[in-house]
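# Coordinate analysis (summary)
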Amino acid sequence: MPEQLWTEVDTYFTDRLSLADEALTGALAASEEAGLPGINVAPNQGKLLQLLAEIQGARRILEIGTLGGYSTIWLARALPADGSLITLEYAPEHAAVARANLDRAGFAERVDIRVGPALDSLARLAEEGTEPFDFVFIDADKVNNPNYLAWALDHTRPGSVVVVDNVVRSGAVKDAESTDPAIVGTRAALDLLAAEPRLSGTAVQTVGSKGYDGFALARVIS
Ligand code: SAH
Ligand code: DHB
Ligand code: MG
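Residues numbered from 1 in each chain as written. Chains lettered and ligands numbered in written order. Predicted model: local features only at pLDDT ≥ 70, side-chain atom pairs only at ≥ 80, totals over all residues. Heavy atoms only, no water.

### With respect to the site of ligand 1
- Contacts to ligand 1 come from 20 residues, most closely from S71, E89, H94, A118 and D139.
- Within the side chain of D141, one N or O atom sits 3.3 Å away from a nitrogen atom of ligand 1.
- With the chains in place, 88% of the 580 Å² that ligand 1 exposes on its own is no longer accessible.
- Within the shell around ligand 1, the residues separate by chemical class into 10 nonpolar, 6 polar and 4 charged. (Near = heavy atom within 4 Å. Polar contact = N/O pair within 3.5 Å; in protein donor to acceptor, adjacent residues only side chain to side chain. Areas by Shrake-Rupley, 256 points an atom, 1.4 Å probe, with all protein chains shown as cover. Nonpolar A, V, L, I, M, F, W, Y, C, P; charged D, E, K, R; others polar.)

### Describing helix 7 (residues 145-154)
- Burial of helix 7 is extensive: 7 of the 10 residues sit out of reach of the surface.
- All of the buried residues in helix 7 are N145, P146, Y148, L149, W151, A152 and L153.
- If you follow the buried residues of helix 7, they end up packed against strand 1 (60-64), helix 6 (118-127), strand 4 (133-138), strand 5 (156-165), helix 8 (181-195) and strand 6 (199-208). (Buried < 20%, exposed > 50% of the residue type's maximum accessible area, 1.4 Å probe, protein only. Helix = DSSP H or I, 4+ residues; strand = E, 2+ residues; numbered from the N terminus. Contact = heavy atoms within 4.5 Å.)

### With respect to the coordination of the magnesium ion (ligand 3)
- Looking at the metal site, the magnesium ion (ligand 3) is ligated by D139 (OD), D139 (OD), D165 (OD) and N166 (OD1), spaced 2.0 to 2.8 Å from it.
- One way to put it: the 6 donor atoms around the magnesium ion (ligand 3) meet at angles of 51 to 168°, and that makes the site irregular.
- In the primary structure, the donors to the magnesium ion (ligand 3) are separated according to the pattern D-x25-D-N. With D139 in the loop between strand 4 and helix 7 and N166 in the loop between strand 5 and helix 8, this pair connects stretches of sequence that are 27 residues apart.
- For D139, a relative accessible area of 14% corresponds to the buried category. (Donors = N, O, S within 2.8 Å, 3.2 Å for Na, K, Ca; no water. Tetrahedral: all angles 85-135°; square planar, octahedral: opposite > 155°, others 65-115°.)

### Quick word on the sheet that holds strand 6
- Read from one edge to the other, the open sheet built from 7 strands follows the order 3-2-1-4-5-7-6, with strand pairing classed as mixed. Both outer strands of the open sheet, strand 3 (111-115) and strand 6, are each paired with one neighbouring strand and no more. In this sheet, adjacent strand axes meet at a mean angle of 15° when their direction is disregarded. (Pairing = 2+ DSSP bridges. Axes fitted to C-alpha atoms, helices over the stretch in contact; angles between N-to-C directions.)

### Brief notes about the packing of helix 7 against helix 8
- Running from N to C, helix 7 and helix 8 point in directions that differ by 30°, and their axes come no closer than 7 Å. Of the possible angle classes, the one that applies to helix 7 and helix 8 is roughly parallel. In contact with N145, P146, L149 and A150 of helix 7, helix 8 contributes G185, T186, A188, A189, L192 and L193.
- Among the residues forming the contact of helix 7 with helix 8, the class breakdown is 7 nonpolar, 3 polar and no charged. (Parallel < 35°, antiparallel > 145°, perpendicular 65-115°, else oblique.)

### Some details on the environment of F215
- Following the sequence through the fold, F215 ends up in strand 7 (residues 211-220).
- Owing to a relative accessible area of 14%, F215 belongs among the buried residues under this scheme.
- The spacing of F215 and A203 is 12 residues in sequence and 5.7 Å in space, taken between C-alpha atoms.

Put into structure tokens, the structure is as follows:
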């Protein structure tokens, strides 16, 4: 019952605020057609990512967890003409769908998809001496959330913004005894956020078409 209501309100927002267009709905249709799981962000959360990246003035964005490139399109829309986005995806079949979706959305040039385990791709990026990122969206395997957040801290600058998706999981995050690796990983990332003086952060619960979940938002302060 509440889930249905949340979905109806999300549908109202998406329609009234015009949060769907050809590139976005086409990306979701192609993802579904290819059998990808429907675990992309909701349209209003995608727009929130775009707005946060715009407010931050992001020129270099890192995304961990591409899937079909739906959130990637929202984030890429925040970029100035000379901006760039690197997105990391484990599954080659997801990356192939994302590549086509991003090309169709007009981001053939500005979005680099790196295929493989994100920890390997991050190590490679560090070896390449990648410039600091202005905005990082962490949305892959939740067990590695503390590793991704720690990497982000080392490869951002004061003023950079980090968003960690899916930190609530229907409330499971509050369970200190949880043995679910995703919950353990998410709690460890929140522990790092709390303990790290270089990060200032919060966490917010959300309801909507994707159920009951939430995100953490942090700013690199030094
Ligand atoms: N950000 C997307 C959703 C990502 S779903 C959106 O909102 O549209 C999570 C993705 O992370 C999946 O495609 C999954 O294959 C990928 N993933 C899981 N483990 C990973 C890993 N170790 N390294 C990189 N990607 C991983
Ligand atoms: C899952 C992953 C996500 O990134 C998401 O937004 C929802 C669910 C999952 O792995 O179940
Ligand atoms: Mg997610």
